[in-house]
Amino acid sequence: MSGTFMGMPGFPEPADLPAFPDAARQTVGDPVLRANLRRATHTIRDKRARAVAELADWDRLRAAGKAIKDHTLRHLDRYLVQLEEAVTAAGGTVHWAADADEANRIVTGLVLATGHREVVKVKSMATQEIGLNEALEAAGIAAYETDLAELIVQLGHDRPSHILVPAIHRNRGEIREIFAAEMGRRGRPAPEGLGDDPRELAEAARLHLREKFLRAKVAVCGANFMVAETGTMVVFESEGNGRMCLTLPDTLISVVGIEKVVPTFRDLEVFLQTLPRSSTAERMNPYTTMWTGLGPSGGADGDGPSAFHLVLLDNGRTDTLADEVGRQALRCIRCSACLNVCPVYERAGGHAYGSVYPGPIGAVLSPQLRGTGSAIDASLPYASTLCGACYEVCPVAIDIPEVLVHLRERVAQGGPVTREGVRVRIRPARGHTAERAAMRAARLLLDRPGALRAGERLLARARRLRPRRLAGPGRAWTDSRELPQLPAQSFRDWWARERGDRA
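A brief report on the enclosed structure follows. For every chain, the first residue of the written sequence is number 1, and numbering continues from 1 onward in sequence order. Totals for whole chains, interfaces and linings use all residues, but because this is a predicted model, local features are given only for residues with pLDDT of at least 70 and pairs of side-chain atoms are given and counted only at 80 or more. Each side-chain value is derived from all of the structure's non-hydrogen atoms; neither hydrogens nor water enter the calculation.

Classification of ring pairs rests on two measures: the distance between centres of Phe, Tyr or Trp rings, Trp counted by its six-membered ring, which must be within 6.5 Å, and the angle between planes, read as stacked under 30 degrees, edge-to-face over 60 and tilted in between. Tallied over the full model, the rule gives 8 aromatic pairs. A ring pair is formed by tryptophan 494 and tryptophan 495, whose centres lie 6.4 Å apart and whose planes are at 55°; its orientation type is tilted. Whether a residue is buried, partly exposed or exposed follows from its accessible area with a 1.4 Å probe, protein chains only, as a fraction of its type maximum: under 20%, in between, or over 50%, in that order. Under the relative-accessibility criterion, tryptophan 494 is labelled partly exposed at 34%. Among the aromatic side chains, those forming a connected cluster through ring pairs are Phe20, Tyr345 and Tyr353. Across from the ring centre of tyrosine 391, 4.9 Å away, lies the NZ or CZ of arginine 62, which sits over that ring. By definition here, charges over rings are those cases where NZ of Lys or CZ of Arg is within 6 Å of the ring centre and within 35 degrees of the ring normal. The ring of tyrosine 144 has lysine 212 lying over it, and the distance from NZ or CZ to the ring centre is 4.8 Å.

Now for the pattern of salt bridges. In what follows, salt bridge is the name for a side-chain nitrogen of Lys or Arg lying within 4 Å of a carboxyl oxygen of Asp or Glu. Tallied over the entire structure, the rule returns 26 salt bridges. With its nearest N and O atoms 3.0 Å apart, the salt bridge here joins glutamate 145 to lysine 121. Of this pair, glutamate 145 sits in strand β5 (residues 142-145) while lysine 121 is found in strand β4 (residues 118-122), placing the two residues 24 residues apart along the sequence. On the accessibility criterion, glutamate 145 (0% relative accessible area) is buried. Taking the shortest distance from any N to any O, the salt bridge between glutamate 482 and arginine 468 comes out at 3.6 Å. Here glutamate 482 is found in the loop between α22 (475-478) and α23 (491-499), whereas its partner arginine 468 is found in the loop between α21 (449-461) and α22, with 14 residues between them in sequence. Like glutamate 482, the residue arginine 468 is exposed in the burial classification. One connected set of salt bridges, linked through shared partners, spans Glu129, Glu259, Arg317 and Arg334. Helix numbering and strand numbering both begin at the N terminus, where a helix is a DSSP run of H or I of at least 4 residues and a strand a DSSP run of E of at least 2.

A surface patch of nonpolar side chains, about 240 Å² in accessible area, is lined by Phe265, Leu272 and Met290. If you trace the backbone, phenylalanine 265 turns up in the loop between β10 (261-262) and α12 (268-279). By relative accessible area, which is 40% here, phenylalanine 265 ends up partly exposed. Patch membership requires more than 30% relative accessible area and the absence of a salt bridge. Residues of like charge join within 9 Å; the nonpolar side chains Val, Leu, Ile, Met, Phe, Trp and Tyr join within 5 Å. Only the protein chains shown count as cover for residues, and the accessible areas themselves come from Shrake-Rupley with a 1.4 Å probe.

What follows concerns the pairing of strand β9 (residues 251-257). Counting buried positions over the 7 residues of β9 gives 7, a clear majority of the element. Alternating positions in β9 separate into two faces, Thr251, Ile253, Val255 and Gly257 on one and Leu252, Ser254 and Val256 on the other, with burial throughout.

What follows is about the sheet that holds strand β8 (residues 232-237). Ordered in space as β10-β7-β8-β11, the 4 strands form an open sheet in which the pairing is mixed. Every other strand in the sheet has two partners, leaving β10 and β11 (287-292) as the edge strands with one partner each. Contact criterion: two residues are considered in contact whenever any of their non-hydrogen atoms come within 4.5 Å of each other. Under this scheme, a helix contributes an axis fitted over its contacting stretch, all axes are lines through C-alpha atoms, and angles between N-to-C directions fall in the 0 to 180 degree range. Sitting on the sheet, α12 touches β7 (225-227), β8, β10 and β11, and the angle it makes with β8 is about 15°. When DSSP finds at least two bridges between two strands, those strands are taken to pair.

Our next topic: a positive patch on the surface. When charges are counted, neither His nor the chain ends are considered; positive counts come from Lys and Arg and negative counts from Asp and Glu. A single reference atom marks each charge: NZ on Lys, CZ on Arg, CG on Asp, CD on Glu. Together, Arg38, Arg39, Arg172 and Arg347 make up a positively charged patch on the protein surface. Relative to the helices and strands, arginine 172 resides in helix α9 (residues 172-182). For arginine 172, a relative accessible area of 46% translates into the label partly exposed.

The first and last C-alpha atoms of α12 sit 16 Å apart over 12 residues, in line with the 16 Å expected at 1.5 Å per residue. With 9 of 12 residues buried, α12 lies mostly within the body of the structure. Turning to α12, its buried residues are Leu268, Val270, Phe271, Thr274, Leu275, Pro276, Arg277, Ser278 and Ser279. With its phi angle positive at about 60°, alanine 281 sits one or two positions after the end of α12. A helix's residues, less one, multiplied by 1.5 Å, set its expected span.

Take the side chain of glutamate 237 next. On the secondary structure map, glutamate 237 appears in strand β8. It turns out glutamate 237 is buried and unbridged, and the closest side chain with the opposite charge, arginine 243, is 5.1 Å from it. One polar contact links the side chain of glutamate 237 to the main-chain amide nitrogen of glycine 240, over a distance of 2.8 Å. Look past the residues within four positions of glutamate 237 in its chain and what remains in contact with it is Lys123, Gly242, Arg243, Asn285, Pro286 and Tyr287. N or O atoms within 3.5 Å of each other form a polar contact, as long as, within protein, one can give a hydrogen and the other can take it, and as long as residues adjacent in sequence are counted only when both atoms are side-chain atoms.

Here the focus is the sheet that holds β9. Strand pairing within a sheet occurs via backbone hydrogen bonds; the two strands may be parallel or antiparallel. Within the open sheet, the 6 strands sit side by side as β3-β12-β9-β6-β4-β5. Their pairing is parallel. Two strands in the sheet have a free side with no partner beyond their single neighbour: β3 (93-97) and β5. Sheet twist, expressed as the average angle between the axes of neighbouring strands with direction ignored, equals 20°. Two elements, β3 and strand β12 (residues 307-313), share 5 bridges in a ladder whose sense is parallel. By the bridge assignment for β12, alanine 97 is matched with leucine 313. Across the sheet, helix α5 (residues 100-114) lies against β3, β4, β6 (218-221), β9 and β12, angled at about 145° from β3, the strand it touches most.

Before going further, it helps to spend a moment on a negative patch on the surface. A cluster of acidic side chains, namely Glu13, Asp16, Asp99, Asp101 and Glu420, defines a negative patch on the protein surface. For aspartate 16, the position within the fold is in the loop between β2 (8-9) and α1 (20-28).

With that settled, the discussion passes to the pairing of β4. In terms of burial, β4 is largely enclosed, as 4 of its 5 residues are buried. Judged from the 4 bridges that link them, β4 and β5 form a sheet pairing that is parallel. Of the residues in β5, the one forming a bridge with lysine 121 is glutamate 145. Bridging between β4 and β6 involves 3 bridges; their strand directions are parallel. Bridging from a neighbouring strand, valine 122 pairs with cysteine 221 of β6.

So, on to the nonpolar core. If you look at the biggest cluster of nonpolar residues, it comprises 105 residues, and the most contacted ones within it are Phe20, Leu83, Phe179, Phe225, Leu310 and Ile361. If near-sequence neighbours (up to four positions away) are discounted, leucine 83 is found in contact with Met226, Val227, Ala228, Gly231, Met233, Val261, Leu310 and Leu312. Buried residues of nine kinds, namely Ala, Val, Leu, Ile, Met, Phe, Trp, Tyr and Cys, make up a nonpolar core once their side-chain atoms join them within 4.5 Å. Ala97, Val111, Ala126 and Ala143 belong to the second-largest nonpolar core, a separate cluster that totals 20 residues.

The following block contains the structure:
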């Protein structure tokens, strides 16, 4: 998926990316980036907390969202077939894509068949996952991102770093410079004397994109939800650009992960409340667009697209579904609440995760979709303090710390996993020999209470010899921490002295 398209670099192949600690080391040292991230994440999470506090039944809504998603994942095969039947009955065409290459071939072929060489895009996270822009470029097709933040990223020759706000790492001054330098190369230039006031920047983007909306005959989009019962696609967005993409072009192509399906239209009632509050801290989403196939007019009289295609994307999701612990990551509704409370994301930024899915959810989703064979994917489960803040804010109650520990065991120990539908056994990742040895030693020690008691007493008596830093693999830990003081006696000895009994 490497390469550049319309000035926006795609994420390199995982094998070409450095491990998370190496990538984060560069971003942590950037004071401007850290200031941008701190300001943005704190603002969003504080607003979200106030919005959520308004609902007395938030915990019940959260539990309902979890239950709906878990039920759907258990019966995903049935609901996907029902969805296909409903979309087809409404005049749409459904395509199944096992992986990124197949999805790219399908979409590229559909665009080429129209005879047009431009597409406008909205809600394009799944297309970024598969590298669609690069595939379209190779076929001579120009794609234009229309989300404001995605536009900033594309014009800035950049990569997204946040699920909800892909340009969160940019401040207003940087955005003004990008618009002034790049808009004219790809369409309508930025107004003369453009300032960094948000309203001026938004107006410049609106004028730049309007000509593309009015000219484009093909649109590519994602979806927040798909309703199996009716075949309805649902898109949540805050700018109105989605409405332009979804209604003006003649051909509409949706690329959606198979986990986005929900059983019934009524299930949307829960997510219409939880997603806006968890993502943009709004009581109600500003623009919620729903369409079913071609709609009642079938695109006649210019009322909506005359052709609708739905590309159902697997790309590792079925393999993830086979993992009883890890599958809960597929509940994710892409609200980004976990990113905004994560102390690691706030300091490292999104690019260090090497995926379109950054932050805590990316740390559990990417290694499952892509496997743990690369340095970046083997390191992502360790990109967390396990503080649990991500679980507390998740509107569908994904226990991200549980999945992180589960994936750490997979990385360090190896074991059985499902890859392309086949059960295989993977070897432990490189660099974890000392960790495995330490765990084996701990198990041996904890299984022998006498040896454990003797070791505790020895450490207590030698506490004055405590080094300030550890050697070997422990050096990385003590580079930024001091070893704790050792107590004068162990808890066992304290208990025996205080209670007159042996622990």
